[in-house]
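Each chain, written out:
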Amino acid sequence: MAKGFQAADPNFEARVRDSFARQAAMRLIGARMGRVEPGYCEIELPYREDLTQQHGLFHGGFTSAIADTACGYAAYTLFAATDSVLTVEYKINLLAPASGDRLVASARAKKSGRTLTVCEFDVVAAKNGEQVLCACGLATMIRLSDRPDRPRAE
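Here we summarise the structure given alongside this text. Since the model is a prediction, treat every value here as computed from it, not as a measurement.

Formed by 37 residues in total, the largest nonpolar core has its most connected members in A31, M33, I43, L45, I66, L103 and V123. For this core, the secondary structure elements donating two or more residues are α1 (12-21), α2 (24-29), β1 (32-37), β2 (40-46), α3 (60-76), β4 (102-112), β5 (116-127) and β6 (130-144). Top contributing element to this core by residue count: α3, with eight residues. Not counting the four nearest positions on each side in its chain, A31 is found in contact with F20, M26, I43, E44, L45 and I66.

It is worth spelling out the environment of A8 at this point. Mapping A8 onto the fold places it in the segment before α1. On the basis of relative accessibility, which here comes to 56%, the residue A8 falls in the exposed class. Taking the C-alpha atoms as reference points, A8 and F79, 71 residues apart in sequence, are found 5.8 Å from one another. A8 has contacts with T77, L78, F79 and A80, leaving out every residue within four places of it along the chain.

Before going further, it helps to examine the pairing of β4. Pairing geometry for β2 and β4, over seven bridges, is antiparallel. Paired with I43 across the strands is A105, a residue of β4. Both β4 and β5 contribute to a ladder of ten bridges, which runs antiparallel. Within the sheet, the bridge partner assigned to A105 lies in β5 and is V123. Counted between consecutive antiparallel strands, the loop separating β4 from β5 contains three residues.

Reading the values: rules and limits
- Residues numbered from 1 in each chain as written.
- Predicted model: local features only at pLDDT ≥ 70, side-chain atom pairs only at ≥ 80, totals over all residues.
- Heavy atoms only, no water.
- Core = buried A, V, L, I, M, F, W, Y, C linked by side-chain atoms within 4.5 Å.
- Buried < 20%, exposed > 50% of the residue type's maximum accessible area, 1.4 Å probe, protein only.
- Helix = DSSP H or I, 4+ residues; strand = E, 2+ residues; numbered from the N terminus.
- Contact = heavy atoms within 4.5 Å.
- Pairing = 2+ DSSP bridges.

Right, here's the structure in full:
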């Protein structure tokens, strides 16, 4: 959980969850949003064979995708309702095999500025009630001021 952050939008959680629901990529892989708090977000990914690499472990691309998404929404919780978010960069360290029933990415804002927000993240592989840290990293998100997060126009 991120400490010391205040949400600019009192309806931040609904706005974040609505935005997540529009992410076709997350829907495609079966990711779900967990806890959402000011400066904090969790994304869970249940195991599916079609999300694995040749050893039957979660593919690193999916580990990265949920980490990036969790960071984006951790930052987004702190933005005004009229703003949106995009990733500027992220660096991930894959620490252990991503073997489990599910992955959980948790992201915390470290510093939220006028334009950029830096977040840190961990990804754990959960299996039989135990969790193994399989990835960690940092991400930089950009606030797109006065450009609300909206569905793409047809």
